[in-house]
Amino acid sequence: MSEVMDLPGDDEEYASGVVKKFMFVNRKAPHGSIYALEVLEMVLISAAFDQDVHLAFIDDGMYQIVKGQDPTGINQKNFSKTFRALDGYDIEKLYVEREGMEERGLTEDDFLVDVEVISQAEMAELMNGMDVVLSA
Amino acid sequence: MKFGILVNEGPYNHQAVDSAYQFAKAAIAKGHTVSRVFFYYDGVHNANKLLEAPQDERQIGKLWAEMAKEHGVDLVVCVAAGLRRGLKEETLAEGFRISGLGQLIEVGIQADRMMTFGD
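So, a few notes on the structure that sits alongside this text.

Rules behind the numbers
- Residues numbered from 1 in each chain as written.
- Chains lettered and ligands numbered in written order.
- Predicted model: local features only at pLDDT ≥ 70, side-chain atom pairs only at ≥ 80, totals over all residues.
- Heavy atoms only, no water.
- Helix = DSSP H or I, 4+ residues; strand = E, 2+ residues; numbered from the N terminus.
- Rg over C-alpha atoms; globule rule 2.2 N^0.38 Å.
- Buried < 20%, exposed > 50% of the residue type's maximum accessible area, 1.4 Å probe, protein only.
- Contact = heavy atoms within 4.5 Å.
- Areas by Shrake-Rupley, 256 points an atom, 1.4 Å probe, with all protein chains shown as cover.
- Lys, Arg positive; Asp, Glu negative; His and termini not counted.
- Charge placed at Lys NZ, Arg CZ, Asp CG, Glu CD.
- Pairing = 2+ DSSP bridges.
- Axes fitted to C-alpha atoms, helices over the stretch in contact; angles between N-to-C directions.
- Patch = residues over 30% accessible without salt bridge, like charges linked within 9 Å, V, L, I, M, F, W, Y side chains within 5 Å.
- Salt bridge = Lys/Arg side-chain N within 4 Å of Asp/Glu carboxyl O.
- Core = buried A, V, L, I, M, F, W, Y, C linked by side-chain atoms within 4.5 Å.

### What about the overall build of chain B?
Thought 1: The secondary structure content of chain B amounts to four helices and five strands.
Thought 2: Computed over C-alpha atoms, the radius of gyration of chain B comes to 13 Å, within 12% of the 14 Å expected from 2.2 N^0.38 for 119 residues, which places it in the range of a compact globule.
Thought 3: Principal-axis analysis of the C-alpha atoms gives chain B an extent of 35 × 35 × 25 Å.
Thought 4: Relative to its 119 residues, chain B shows a buried fraction of 53%.
Thought 5: Excluding contacts between residues fewer than 6 apart, the proportion of contacts in chain B whose partners are at least 24 apart in sequence is 76%.
Thought 6: Accessible surface, chain B: about 5,700 Å² in total, of which carbon and sulfur atoms supply 48%.
Thought 7: The positive charge centre, built from 13 side chains, and the negative charge centre, built from 15, are 5 Å apart in chain B.

Now the structure itself:
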């Protein structure tokens, strides 16, 4: 996947001993703005810090992990493939909000990574339990 | 309390960076610490030394630089986001430094609260 995005290497290990619950909240469509791509860059760096990382996909953010993307026609790179590399960095806690998914006519099978589909209320509760929430 | 701040929008177009500044100022006045402000996305433009708003307007970059000097606030601009937008050492305003996203995660770990301003 390194041809798609730079992934963190071993030289970026950070040893503070503190493990916090981080949540990256993806709210925006993969293209049309740079937010999705630059959130993913934050996520990848966080992997080098051995933190308890969670990814939430709400609103149009869930389109970031929809299968079969090909944005070459709009001169964008297909960084959706990078999400498949996250489990190699122990980032495996991915959540999609059920109400938003249903509003968009999506199902769990439409996503290119394994996600846990949870209700809006459950998402709120999960978010509430985080130490650091970074969203875009 | 120790705060970390993330600024996600550029100068003048949005209120975000002004709100971040006012928040930091108020927090410091109440005796809290703002250890680091991280500038990401278009937020990197706040650190451009070529910014020159009309004289009767607030000078955003200078306000931050003064705060950094007086209160030891570490102003960090994301290198990757900066390069995408033409911000590098040559165009970096005084008081700011360029570094990696690891600085954002690090302050998230070290601070008691992480505040985000902007979309």
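### Focus: the sheet that holds strand E2 (residues 33–39) of chain B
For sheets, the rule is that strands pair by backbone hydrogen bonds, running either parallel or antiparallel.
All names here are of chain B.
Thought 1: Ordered by their spatial adjacency, five strands build an open sheet running E4-E3-E2-E1-E5, and the pairing between neighbours is parallel. Of all strands in the sheet, those with a lone pairing partner are strand E4 (96–99) and strand E5 (113–117), marking the two edges. Adjacent strand axes in the sheet meet at a mean angle of 25° when their direction is disregarded.
Thought 2: Both strand E1 (residues 2–7) and E2 contribute to a ladder of six bridges, which runs parallel. Paired with Phe3 across the strands is Val34, a residue of E2.
Thought 3: Relative to E2, helix H4 (residues 102–110) is tilted by about 155°, and along the sheet it contacts E1, E2, strand E3 (74–78), E4 and E5.

### Things to note about the pairing of E4 of chain B
Thought 1: As paired elements, E3 of chain B and E4 of chain B share four bridges and run parallel to each other. Counted as the bridge partner of Leu75 of chain B is Phe96 of chain B from E4 of chain B.

### A word on a negative patch on the surface
All names here are of chain A.
Thought 1: Among the surface-exposed residues, Asp50, Asp87, Asp90, Glu92, Glu99, Glu102, Glu108, Asp109, Asp114, Glu116, Glu122 and Glu125 lie close enough to one another that they form a single negatively charged patch.
Thought 2: Those elements giving two or more residues to the negative patch turn out to be helix H2 (98–103) and helix H3 (120–128).
Thought 3: Turning to its location among the elements, Asp114 is positioned in the loop between H2 and strand E4 (116–118).

### Quick look at the side chain of His54 of chain A
Thought 1: Along the polypeptide, His54 of chain A turns up in strand E2 (residues 52–57).
Thought 2: For His54 of chain A, the contacting residues outside a window of four places in its chain are Lys21, Phe22, Met23, Phe24, Lys93, Tyr95 and Met130 of chain A.

### Notes on the nonpolar core
The nonpolar side chains of a soluble globular protein tend to be buried, and buried together.
Thought 1: Counting residues in each nonpolar core, the largest one holds 77 residues, and the members touching the most others are Phe24, Leu55 and Phe83 of chain A together with Trp64 of chain B.
Thought 2: Sorting elements by how many residues they give to this core places helix H1 (residues 35–47) of chain A first, with ten residues.
Thought 3: Other than its neighbours up to four places away in sequence, Phe24 of chain A contacts Val39, Met42, Val43, Ser46, Val53, His54, Leu55, Ala56 and Leu134 of chain A together with Ile105 of chain B.
Thought 4: Core analysis: the next-biggest nonpolar cluster, separate from the first, contains eight residues, Ile58, Ile118, Met123 and Met130 of chain A among them.

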